[in-house]
Amino acid sequence: MPVTNDSPLPRAAGAGQLSGRHIVLGLSGGIACYKSAELLRELVRAGATVQVVMSEAAEQFITPVTMQALSNRNVYTSQWDAREPNAMAHINLTRDADAVLIAPASADLIAKLVQGRADDLLSLLCLARPVERCPLLLAPAMNREMWAHPATQRNLTQVVADGATLLGPNAGDQACGEVGDGRMLEPLELLADTIAFFQPKALAGKRVLITAGPTYEPIDPVRGITNRSSGKMGFAIARAAREAGAEVTLIAGPVALDTPRGVARSNVTTAAEMYQLTMAEAPRHDIFIATAAVADWRPAKPAEHKLKKDGSGQVPGFEMVENPDILAAVAKLPADGPQRRPYCVGFAAESRDLLRHAQEKLQRKQVPLIVGNLGPETFGRDDNSLLLIDADGGQHELPRADKLTLARQLVADIAGRLARAGETAPQAKT
Ligand code: C5P
């Protein structure tokens, strides 16, 4: 069973991801305000400039001094703030903002937004913001009974219909001692969702299947054959596809990487396991991206017990058999019907003659797109460069960049190809 990662992205994954963004961070009243200081810190670490606005109730839980120190900006708490030359803080604060993020968003604040009420600075600036270019993100936080109340649920439906985006909430332990829905997302989860929010939703409604990492083929119970693939490129593509709005299934060989947020991951060890799971999953996906460095061969009969040196100098010999070619097998699925194939993208990790080898691979595997990269220049690294070669003879280079940047470019490229093909690529069954 794949396990979907609902946990935060690691802090390092946010580095620089909000550079150039200006965010109004609003706090309404709730005990989750204590997490907002950490959230502010993470937004700033990710490169954003952050303007904090607090409601009167929020000031009961955390002081503006804390938020001022962490944001390095004056905090606004009142629509009557005399520091604004035109006395219009409620207008000025959102005009250069890329988003208003309210965390925590209390039941009362959401109710006010639904009614268009504007009796304090936070609700007033939400009403006065230019909705076309300043989106509103809400991280609800409240007791589970308040969350479940029909009035709150009605308000949530309406606030979303009015254009707001909800981030969370989680279920779990609550400050009141009860357990249930209404916990505000953790700061790193909110950071991940904010970063994802700004990515174009080029794959909205699509299902993407990705294989990643190496495989491990046992020789005996303690030894095996594997390779130097770190899985980083495949995991970056999984994150990018998820950020682009896709439902993502990741089938990973043995790697020590965190699952990208919102991605459903299954772990496998051998090529045979990866083959079985991929073939079962492929027909319900729209796109298959094979980034895994699958072992070409495996020992035919792994020894039951550890092979021992016997002092004679004799080297053990073992027979090898070829592994199934997963990508080629998926590409051979029929174009239509219940077992139909997704749009297939292969990777080619070469040590030389990248173009020629990638073209050969395109032919051999009968896939519409191969992404070439030079193995020694990518294995284990955080950056890479890619050469896209398609079945129509097209070539397109994505110059050296960090793997997440390349993954987002690749995802955009694939989405563009599907769109240009007029959605002629087979649709996944539901
Ligand atoms: O066959 P080769 O390793 O040269 O091609 C690489 C591409 O094929 C990659 O996309 C890889 O994930 C995929 N592949 C596969 N199953 C194999 C070997 C490679 O899916 N057994």
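Here, the structure is the one placed above.
Residues numbered from 1 in each chain as written. Predicted model: local features only at pLDDT ≥ 70, side-chain atom pairs only at ≥ 80, totals over all residues. Heavy atoms only, no water.

Participant: Talk me through the environment of Gln51; I want residue IDs and the actual numbers.
Facilitator: With respect to the helices and strands, the residue Gln51 is situated in strand β3 (residues 49–54). Between the alpha carbons of Gln51 and Gly26 there is a distance of 8.3 Å; along the sequence they are 25 residues apart. Other than its neighbours up to four places away in sequence, Gln51 contacts His22, Ile23, Val24, Leu25, Arg73, Asn74, Val75, Tyr76 and Leu93. Only 2.8 Å separates the side chain of Gln51 from the backbone oxygen of Asn74, close enough to count as a polar contact. (Helix = DSSP H or I, 4+ residues; strand = E, 2+ residues; numbered from the N terminus. Contact = heavy atoms within 4.5 Å. Polar contact = N/O pair within 3.5 Å; in protein donor to acceptor, adjacent residues only side chain to side chain.)

Participant: Requested: an account of the sheet that holds strand β4 (residues 99–105), with residues and values cited.
Facilitator: The five strands lie next to each other as β3-β2-β4-β5-β6, forming an open sheet whose pairing is parallel. Each edge of the open sheet is held by one strand with a lone partner, namely β3 and β6 (165–166). Relative to β4, strand β2 (residues 22–27) runs parallel, the two sharing four bridges. What sits directly across from Val24, in β4, is Val100. The strands touched by helix α1 (residues 33–45) within the sheet are β2, β3 and β4, with β2 carrying the most contacts at an inclination of about 175°. (Pairing = 2+ DSSP bridges. Axes fitted to C-alpha atoms, helices over the stretch in contact; angles between N-to-C directions.)

Participant: Can you break down the side chain of Ser123 residue by residue, with the values?
Facilitator: Take Ser123: it is sitting in helix α5 (residues 121–128). On the basis of relative accessibility, which here comes to 1%, the residue Ser123 falls in the buried class. In this structure, Ser123 is in contact with Leu109, Lys112, Arg117 and Ala118, ignoring residues within four places of it in sequence. (Buried < 20%, exposed > 50% of the residue type's maximum accessible area, 1.4 Å probe, protein only.)

Participant: Let's hear about the packing of aromatic side chains: which residues, and what values?
Facilitator: If you walk through the whole model with that rule in mind, you get one aromatic pair. Ring geometry for Phe197 against Phe198: centres 5.6 Å apart, planes inclined by 75°, an arrangement best described as edge-to-face. Classification of Phe198 by relative accessible area gives buried; the value is 16%. Cation over ring: Arg21 sits above Phe198, and NZ or CZ is 4.0 Å from the ring centre. Directly above the ring of Tyr76 sits Arg83, whose terminal nitrogen or CZ lies 4.7 Å from the centroid. (Phe/Tyr/Trp six-rings, centres within 6.5 Å; stacked < 30°, edge-to-face > 60°. Lys NZ or Arg CZ within 6 Å of the ring centre and 35° of its normal.)

Participant: Summarise the site of the ligand; cite the residues concerned and give the values.
Facilitator: Taken together, 13 residues form the shell around the ligand, and within it Ala290, Ala292, Phe347, Lys361 and Lys365 come nearest. Here an oxygen atom of the ligand and a backbone polar atom of Ala290 are 2.6 Å apart. Ala292 places a main-chain nitrogen or oxygen 2.6 Å from an oxygen atom of the ligand. Relative to its unbound accessible surface of 440 Å², the ligand loses 88% to contact with the protein. The pocket occupied by the ligand, as judged from atoms lying within 2 Å of grid points, is the largest pocket. Residue contributions to the shell around the ligand peak at three residues, all from helix α12 (residues 354–365). Partitioned by chemical class, the residues of the shell around the ligand number seven nonpolar, two polar and four charged. (Near = heavy atom within 4 Å. Areas by Shrake-Rupley, 256 points an atom, 1.4 Å probe, with all protein chains shown as cover. 1 Å grid on protein atoms, 1.4 Å probe; cavity = no way out; pocket = protein on both sides within 12 Å on 5 of 7 lines; lining within 4 Å. Sits in = over half its atoms within 2 Å of the grid points. Nonpolar A, V, L, I, M, F, W, Y, C, P; charged D, E, K, R; others polar.)

Participant: Tell me about a nonpolar patch on the surface, residues and numbers included.
Facilitator: Together, Ile31, Tyr34 and Phe61 make up a nonpolar patch on the protein surface, roughly 340 Å² of accessible area in all. Relative to the elements of secondary structure, Tyr34 occurs in helix α1. (Patch = residues over 30% accessible without salt bridge, like charges linked within 9 Å, V, L, I, M, F, W, Y side chains within 5 Å. Salt bridge = Lys/Arg side-chain N within 4 Å of Asp/Glu carboxyl O.)

Participant: Run through the packing of helix α9 (residues 232–243) against helix α13 (residues 403–420), naming residues and quoting values.
Facilitator: In contact at an axis separation of 8 Å, α9 and α13 are set at 55° when each is read in the N-to-C sense. It follows that α9 is oblique to α13 by the angle criterion. In the crossing of α9 with α13, the sense of the turn from one axis to the other is right-handed. On α13, the residues touching Lys232, Met233, Ala236, Ile237, Arg239, Ala240, Ala241 and Glu243 of α9 are Lys403, Leu404, Leu406, Ala407, Arg408, Leu410 and Val411. Of the residues belonging to the contact of α9 with α13, the class tally is 10 nonpolar, no polar and five charged. (Parallel < 35°, antiparallel > 145°, perpendicular 65-115°, else oblique. Left-handed = near helix turned anticlockwise from the far one by under 90°.)

Participant: Pulling in residues and values, what's your account of the layout of surface pockets?
Facilitator: If you add up the space inside the largest pocket, you get close to 930 Å³. Every residue lining the largest pocket is counted, 39 residues in all, and those nearest its centre are Ala292, Ala293, Val294, Asp296 and Phe347. Secondary-structure elements contributing two or more residues to the lining of the largest pocket are α9, β14 (287–290), β16 (320–322), α11 (326–331), β17 (343–350) and α12. Examining the composition of the lining of the largest pocket, we find that four residues originate from one element, β17, more than from any other. Grouping the constituent residues of the lining of the largest pocket by class yields 17 nonpolar, 14 polar and eight charged. (Points joined across faces, edges and corners; volume = space filled by probe spheres on them.)

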